[in-house]
Amino acid sequence: MTQARPGPAASASLWERETEIADVAAAVEALRADASSSGSLLVFGGEAGIGKTALLAEARRVAEARGCTVWSARGGETVTSVPFNVIRQLLQPALVSLMPEEAREYLGDWYDIAGPALGIAEPGDRQADPQGVCDGLVAAVRRLAKREWPLVLMVDDAHWADQETLRWLAAFAERLDDLPVLVVVARRPGEVTGERARHLDAVTAAARPIVTLSALTPEATGGLTRATLGEHADAPFCREVWAVTGGNPYETVELLAKVQDTELEPVEASAAELRALNRSARGRGLVARLEGLGIDATRFAWAAAILGTGISLDLAAQLAGMPMEEAERCAELLGAARILTDVEPTGNHIAGSELEFVHPLIASAVYRSIPDALRTAMHGQAAWAVTESGRGAAAASRHLLEVHPDDDPELVEQMREAAREHLAVGAPDAARRCLERALREPPLPEVHARVLYELGCATLLTAPATTIGHLRAALERPGLAGDLRVDAVFRLSQALVHNNQLDEAVRTVDAEAARLAAGPARMRLQAVHYMWEGIHAGEDHVPGRSRGLAELAGTCTGRDNSERALLILRGFDAMTRGESAEEVVALCDRALVNGRLAPGLGWTDTEWGLELLMMLGSSYAYADRLDRAESLFSEALRSYTTAGWSGGHLSLAHAFVGLAHRRRGRLRDAETTLRESLRIAERVGRGLPLYWSATCGLVDTLLARGDVREAWAIAEQYGFAPPYPTTIVLPDTRSVRGRLLIAVGRVKDGINELEAAEKASAVRGHHNTVMAPWSVDLARALASEDPARAAALALDTRRRAERFGTDTAIGEALRCAAALESGQRAVRLAAQAVAYLEASPCQYEHAAARVEYGIAARSVPELNKGLTLARSCGADGLVAKAEEVLATGRGLR
């Protein structure tokens, strides 16, 4: 934990900070006023030495004096590569005070997800999802904050915080509206790039107002000079202090301390010596002052600078190569020289106590003063010492990153192990750095390909283009064989698909499959081939693809996961083509083991990916086996939530649970779930297939509810318009967009969109009239303009629906046919639609058929039945329609 250095220097930097201190005091009072009030965020920016640390120390004093709990942490220039470093510092008071069982109780379901990142729980056996870990940390701090109210969190030198902490801080700042916590952050402008900069900018943007600290005025500098040296300090001397330091509070304090040390008279005659004194307090002057303390003190300071923040006295002594007694003496010397924080008297030191530099500027100057070769060697020694202390490969890796390559196989293995540890706690960028460093060593020839493979796996979800390069390089080298090579090919194809190179993904899989003899490995790659082709929504359909898939799946009994995958793919293909629903269900059932997913084919297993299981659930959903679809999608949601996968996987799980609700007719639940899916998808990134699934499903649900205005607003806000993604989206995007356009009165545009859907379905051979219902909506739209074509479309829809054979498909086709007729023929068709849809699991369609039949037959009982069903579904548009007809009462019986 960071502690402000006591004494005059700490308070001196608060000159001309009355406004900022008042802001802090007001925020603290607002926090204490009500435990249910909103939180707030203060960000103080400014150059090095401007007084940010002193201001945070004063903020701490103010908060504690008013009964607040304060947790604080500080970033460090040399430890930005250590994941979760700052948040671990921040939560130390809470974590230390909790027994393991208490921590598990407070964190609940998040314990196994956030615990490893915080260092209080062992990681699981699979790679953690970074977004899930971030969400877990947000939840953990929220729960601890409620326990510790009123709570103030302080982060100093946030520009040097690690990426994982900044990601958490940005997410936490977004959620302060309903959490009474005061967050105070200090940062320098610039200093940070890349993802860290993006997260830090998000934190800064959430603060209102953002305060940039200014330098001291000449008047304040004069007042500080006289307060420190005495009232006899004359005006010319005070002006020169300001001129030399530029009003920088830290430099001013250090310069005045040097004046006191040298007993320089603060008068005009001595003013000329100030510049030389100022140089001795910074840069090379500081280094010279350090060297003046002796070789041992210098060596100890170097060791402390190598270790960075949270400097352990015993570890620094070990690194400096001196006994504990000598280390204690050096620490006291460095404390007296205002280089390290003051330490307790010699007899009170215990192994494991911590030190820190008085100011980050000093830490940077000392670190940079170490000769390059020696600095590199000391990092190597630090890595060894950290490893020997039992802190693990991940803790040692930040030092190994600084060691020059030297053909050291042991270092390669250490970095591979560190990468595994980083992945296990949700820090893939840290893992990537370790593996890239291992490659520079370089690895032994027989290990090189495996390192490239591991690097590709670490970057798969964050940088598909980079992953492609790593995995291709791995496959070109010897060292990958058997299942590992097949897995590398599969992951390469995944990266190519994510990088919008689906054709190349298929070619890559085919080329590897051609090298293999018949067996499970080859069959796996054949299944992957059909999986990528199966999700492709483009118009370059491969002739004979479905026939080839049917022939291959016909040889499968479901004895292993490769065969099960082919059965699922064949079932999905048959569903999209509108083949017999009974056959679709039979194929999917054969892919299960006792009605459940086979081991190795679960939602969090990585051998196949989630696409295959989404195909399985979708096949059940559109074949009227919603019970099995709901079970699968609910299992996905539970699995991802339990595992802490709260990125794209969780978004898709919500989207498909929403699809199941929509098919079932639970429209309110569908809307809620799909909005959550879209919220997560927005966080992951626009344009991805999961983003389209959430948006399309939500627009479709809102249209079913009758909320056309909101459906259009969602479409406009989230870009639900061409160009469409190259992967299949359920429900069909063009069909839903066409229906939306017609609903808002843009009938011609809607017809054009539905005709585009017709063309795309014909090219792909997708004839399932429920999955892609363009024909139903197009027939209705053309009823008055082109009744002959509308009738032909309705007839063809019914023929295709009867081929598929589900009650929903046939009932919807009959509803369409009834809408094109009048008189008794319309009544008979509407009655037939009701009969089929009453047996269907899709209650919204049943409600719509009841209302339409009641209107056609002028039957009050049927309208009331439809009204009851519509209300239970949350179909407000249907409710309004039925109530309007019932209210008029004309012609009803």
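All values derive from a computational prediction rather than experimental measurement.

Here is what the cut-offs are and how they apply
- Residues numbered from 1 in each chain as written.
- Predicted model: local features only at pLDDT ≥ 70, side-chain atom pairs only at ≥ 80, totals over all residues.
- Heavy atoms only, no water.
- Helix = DSSP H or I, 4+ residues; strand = E, 2+ residues; numbered from the N terminus.
- Expected span 1.5 Å × (residues − 1).
- Buried < 20%, exposed > 50% of the residue type's maximum accessible area, 1.4 Å probe, protein only.
- Arc of directions from axis to C-beta.
- Contact = heavy atoms within 4.5 Å.
- Pairing = 2+ DSSP bridges.
- Axes fitted to C-alpha atoms, helices over the stretch in contact; angles between N-to-C directions.
- Disulfide = S-S within 2.5 Å.
- Phe/Tyr/Trp six-rings, centres within 6.5 Å; stacked < 30°, edge-to-face > 60°.
- Lys NZ or Arg CZ within 6 Å of the ring centre and 35° of its normal.
- Core = buried A, V, L, I, M, F, W, Y, C linked by side-chain atoms within 4.5 Å.
- pLDDT = per-residue confidence, 0-100.
- Parallel < 35°, antiparallel > 145°, perpendicular 65-115°, else oblique.
- Left-handed = near helix turned anticlockwise from the far one by under 90°.
- Nonpolar A, V, L, I, M, F, W, Y, C, P; charged D, E, K, R; others polar.
- Salt bridge = Lys/Arg side-chain N within 4 Å of Asp/Glu carboxyl O.

A. Seen up close, helix α26 (residues 502-515). Over its 14 residues, α26 runs 21 Å from end to end, which matches the ideal 20 Å to within 8%, given 1.5 Å per residue. When we look at burial in α26, the residues that qualify are Leu502, Ala505, Val506, Thr508, Val509, Glu512 and Ala513. Buried positions in α26, seen along its axis, are confined to an arc of 160° and lie on one side of it. Turned more than 90 degrees away from the buried face of α26 sit Arg507, Ala514 and Arg515, all of them exposed. Along its buried surface, α26 packs onto α25 (482-498) and α27 (520-535).

B. Summary view of the sheet that holds strand β2 (residues 69-74). Strand order across the open sheet formed by five strands is β2-β3-β4-β1-β5, with parallel pairing between neighbours. Of all strands in the sheet, those bounded by a partner on one side alone are β2 and β5 (210-212). Strand after strand, the sheet turns through a mean of 15° between neighbouring axes, direction not considered. Both strand β3 (residues 151-156) and strand β4 (residues 181-187) contribute to a ladder of five bridges, which runs parallel. The residue bridging valine 152 from the neighbouring strand is leucine 182, located in β4. Sheet contacts for helix α3 (residues 52-65): β1 (40-45), β2, β3 and β4; angle to β3, the most-contacted strand, approximately 170°.

C. Molecular detail of the state of the cysteines. Counted according to the given criterion, the structure contains zero disulfides. For cysteine 842, which is in no disulfide, the shortest distance to another cysteine sulfur is to cysteine 873 and amounts to 10 Å. For cysteine 873, a relative accessible area of 2% corresponds to the buried category.

D. Representation of the packing of aromatic side chains within the structure. Scanning the entire structure with this criterion turns up eight aromatic pairs. Judged by centre distance (6.3 Å) and plane angle (5°), the ring pair of phenylalanine 490 and tryptophan 532 falls under stacked. Linking phenylalanine 490 in helix α25 with tryptophan 532 in helix α27, this pair joins segments that are 42 residues apart in sequence. Comparing phenylalanine 490 with tryptophan 532, the two get one shared label, buried. Relative to phenylalanine 656, the ring of phenylalanine 633 has its centre 5.2 Å away and its plane inclined at 50°; by these criteria the two rings are tilted. Here phenylalanine 633 is found in helix α32 (residues 626-643), whereas its partner phenylalanine 656 is found in helix α33 (residues 648-664), with 23 residues between them in sequence. Residue phenylalanine 633 shares its accessibility class with phenylalanine 656, and that shared class is buried. An aromatic cluster is present here, built from Trp603, Tyr640 and Trp645 joined pairwise through their rings. In this arrangement the basic side chain of arginine 375 is found over the ring face of tyrosine 367, its NZ or CZ atom lying 5.3 Å from the centre.

E. Summary view of the nonpolar core. Core analysis: the biggest nonpolar cluster contains 198 residues, and Phe300, Phe357, Trp532, Trp603 and Val699 have the highest contact counts within it. Setting aside anything within four residues of it in sequence, one finds tryptophan 532 in contact with Phe490, Ser493, Gln494, Val497, Leu502, Ala505, Val506, Val509 and Glu611. Within the second largest apolar cluster, 53 residues are counted, among which are Phe84, Leu91, Leu153 and Ala171.

F. Region of interest: the environment of alanine 304. Checked against the element boundaries, alanine 304 lands in helix α15 (residues 295-307). Considering only alpha carbons, one finds alanine 304 and methionine 771, 467 residues apart in sequence, at a separation of 65 Å. Filtering out sequence-adjacent residues up to four positions away, alanine 304 remains in contact with Ile311, Leu340 and Phe357.

G. Fine view of unusual backbone geometry. Cis geometry is adopted by the peptide bond preceding proline 150, which originates at tryptophan 149 and carries an omega value of -5°. Here proline 150 lies in the loop between α7 (130-148) and β3. Backbone torsion omega between proline 722 and proline 723 reads 0°, so that peptide bond is classified as cis. Along the chain, the position of proline 723 falls in the loop between α36 (708-717) and α37 (733-743).

H. Fine view of the confidence of the model for the chain. Scored by pLDDT, the chain comes out at a mean of 89, with 96% of its residues at no less than 70. Element-level mean pLDDT values for the chain span from 46 in helix α1 (residues 8-12) up to 98 in helix α41 (residues 807-819).

I. Quick look at the pairing of β2. Counting buried residues in β2 gives five out of six residues, a clear majority hidden from the surface. Looking at chain direction, β2 and β3 are connected through six bridges and run parallel. Note that in β3 the partner of serine 72 across the bridge is methionine 154.

J. Examining the environment of leucine 137 more closely. One can find leucine 137 in helix α7. With a relative accessible area of 1%, leucine 137 lands in the buried category. As a C-alpha pair, leucine 137 and threonine 165 span 28 residues in sequence and 9.4 Å in three-dimensional space. Once you skip the residues sitting within four places of it in the chain, leucine 137 turns out to touch Phe84, Ile87, Ala114, Ala117, Leu118 and Trp168.

K. Here's a closer look at the packing of helix α29 (residues 561-576) against helix α30 (residues 581-590). The interhelical angle for the contact between α29 and α30, taken along N-to-C directions, is 165°, at an axis separation of 8 Å. Classified by the angle between their axes, α29 and α30 sit roughly antiparallel to one another. The two elements α29 and α30 cross, and the hand of that crossing is left-handed. Taken together, the residues of α30 that come into contact with α29 (itself represented by Leu567, Arg570, Gly571, Ala574 and Met575) are Val584, Leu587, Cys588 and Arg590. The residue inventory of the contact of α29 with α30, partitioned by class, reads six nonpolar, one polar and two charged.

L. How the structure looks around the pattern of salt bridges. One pass over the structure, following the stated rule, counts 67 salt bridges. Put simply, glutamate 630 and arginine 666 hold a salt bridge, and the shortest N to O gap is 1.9 Å. A residue pair is termed long-range when its members are at least 10 positions apart, and glutamate 630 in helix α32 and arginine 666 in the loop between α33 and α34 (667-684) qualify at 36 residues. Each member of the salt-bridge network shares a partner with another, and the members are Glu533, Arg545, Arg570, Asp573, Arg577 and Glu579.

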